[in-house]
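Inside the fold
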Amino acid sequence: MEGDTVAENAMVPAKDARELLHQLYKANYISMLYLQQSKQHNPATASYLWCVDKKRIHNTVLMNVCRALYNIRLRRQHEVEVGKEWIERAKFADDTDENHSEADKANYNRFCQGLERIDNASIQIDETLMVLNDFENI
């Protein structure tokens with residue numbers, strides 16, 4: 001499909017459609033076929049045909065979800081390394097330990113909540129990945 005046809009079908013201005021098409025092309029969601037009408041390189045006389053392939057879109061989305069899962073796991077690993085002191089203190093602390101101030105307890109709770117949020121995000125991304133893998137051929 002040509003860019004102008006895409007703009008008409010999407011009911012957006014041609015300039016906006018071209019920008020969106022190029023963003024989708026850069027993100028590897030669609031492919032482009034460049035047809036030159038003469039031997040000279042002149043973008044004004046060239047035709048750009050945009051193609052949508054479901055397999056390509058699926059693979060791109062799958063790779064983006066895998067990258068997000070990898071990044072969230074790296075983030076959790078980093079947070080655990082940064083909060084290693086909190087984890088060690090929690091292992092050896094008693095409930096009656098009076099050496100910890102209220103600020104320390106609040107910081108420890110904030111650290112635990114952060115890890116819990118990262119874990120929940122990881123579970124949600126993992127479920128999304130599972131759904132994408134299960135419904136690959138649909």
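Anything mentioned here points back to the structure above.
Note that residues are indexed from 1 along each chain, following the sequence as it is written. Residues qualify for local features only when their pLDDT is at least 70, as the model is predicted, and side-chain atom pairs are given and counted only at 80 or more; totals for whole chains, interfaces and linings, by contrast, use all residues. To get the side-chain values, take all heavy atoms of the structure and skip hydrogens and water.

**Looking at helix H5 (residues 102–134)**
A helix here means a DSSP run of H or I that spans at least four residues, while a strand means a run of E at least two residues long, and both kinds are numbered starting from the N terminus. To estimate how far a helix should reach, multiply one less than its number of residues by 1.5 Å. Taking 1.5 Å per residue as the helical rise, H5 with its 33 residues ought to reach 48 Å, and the 48 Å between its terminal C-alpha atoms agrees with that figure. Relative accessibility under 20% of the residue-type maximum defines a buried residue, over 50% an exposed one, and the middle range a partly exposed one, all with a 1.4 Å probe and only protein chains included. Phe 111, Leu 115, Ile 118, Ser 122, Leu 129 and Leu 132 are the residues of H5 that are buried. Contacts between residues were defined by any pair of non-hydrogen atoms, one from each residue, lying within 4.5 Å. Where H5 is buried, its residues contact helix H3 (54–82) and helix H4 (84–92).

**Considering the nonpolar core**
Among the buried residues, those of types Ala, Val, Leu, Ile, Met, Phe, Trp, Tyr and Cys that are joined through side-chain atoms within 4.5 Å form a nonpolar core. Core analysis: the largest hydrophobic core is formed by 7 residues, namely Leu 62, Val 65, Leu 69, Ile 72, Ile 118, Leu 129 and Leu 132. Elements represented by at least two residues in this core include exactly H3 and H5. When residues of this core are assigned to their parent elements, the largest contribution, 4 residues, is made by H3. The contact partners of Ile 118, leaving out residues within four places of it in the chain, are Ile 72, Arg 75, Arg 76 and Glu 79.

**A closer look at unusual backbone geometry**
Located in the positive-phi region is Met 11, a residue other than glycine, with phi close to 55°. Relative to the helices and strands, Met 11 resides in the loop between helix H1 (3–10) and helix H2 (14–26). Its identity as a non-glycine residue notwithstanding, Asn 28 has a phi of 70°, on the positive side. Turning to its location among the elements, Asn 28 is positioned in the loop between H2 and strand S1 (31–35). A residue is classified by how much of its surface remains accessible, and Asn 28, at 36% relative accessible area, is partly exposed.

**Side note on the packing of H3 against H5**
Note on method: axes are straight lines fitted to C-alpha atoms, helices fitted across the in-contact stretch only, with angles between N-to-C directions ranging 0 to 180 degrees. Where H3 meets H5, the axes come as close as 10 Å, and the angle between the chain directions of the two elements is 160°. Relative to H5, H3 is oriented roughly antiparallel. In this structure, H3 meets H5 at a crossing whose hand is left-handed. Each residue gets one of three labels, nonpolar for Ala, Val, Leu, Ile, Met, Phe, Trp, Tyr, Cys and Pro, charged for Asp, Glu, Lys and Arg, and polar for the others, Gly among them. Classifying every residue of the contact of H3 with H5 by side-chain character gives 15 nonpolar, 4 polar and 6 charged. Any angle between 65 and 115 degrees counts as roughly perpendicular, while under 35 counts as roughly parallel, over 145 as roughly antiparallel, and the rest as oblique. In this scheme, a crossing is called left-handed if the near helix is turned counterclockwise away from the far one by less than a right angle; it is called right-handed if the turn is clockwise.

**Quick word on the side chain of His 58**
Mapped onto the elements of the fold, His 58 is located in helix H3. Side-chain atoms alone can form a polar contact between residues adjacent in sequence; in general such a contact is a pair of N or O atoms within 3.5 Å, and within protein one must be able to donate a hydrogen while the other accepts it. Polar side-chain contacts of His 58 include one of 3.1 Å to the backbone oxygen of Leu 132. Setting aside chain neighbours within four positions, we find His 58 in contact with Leu 132 and Glu 136.

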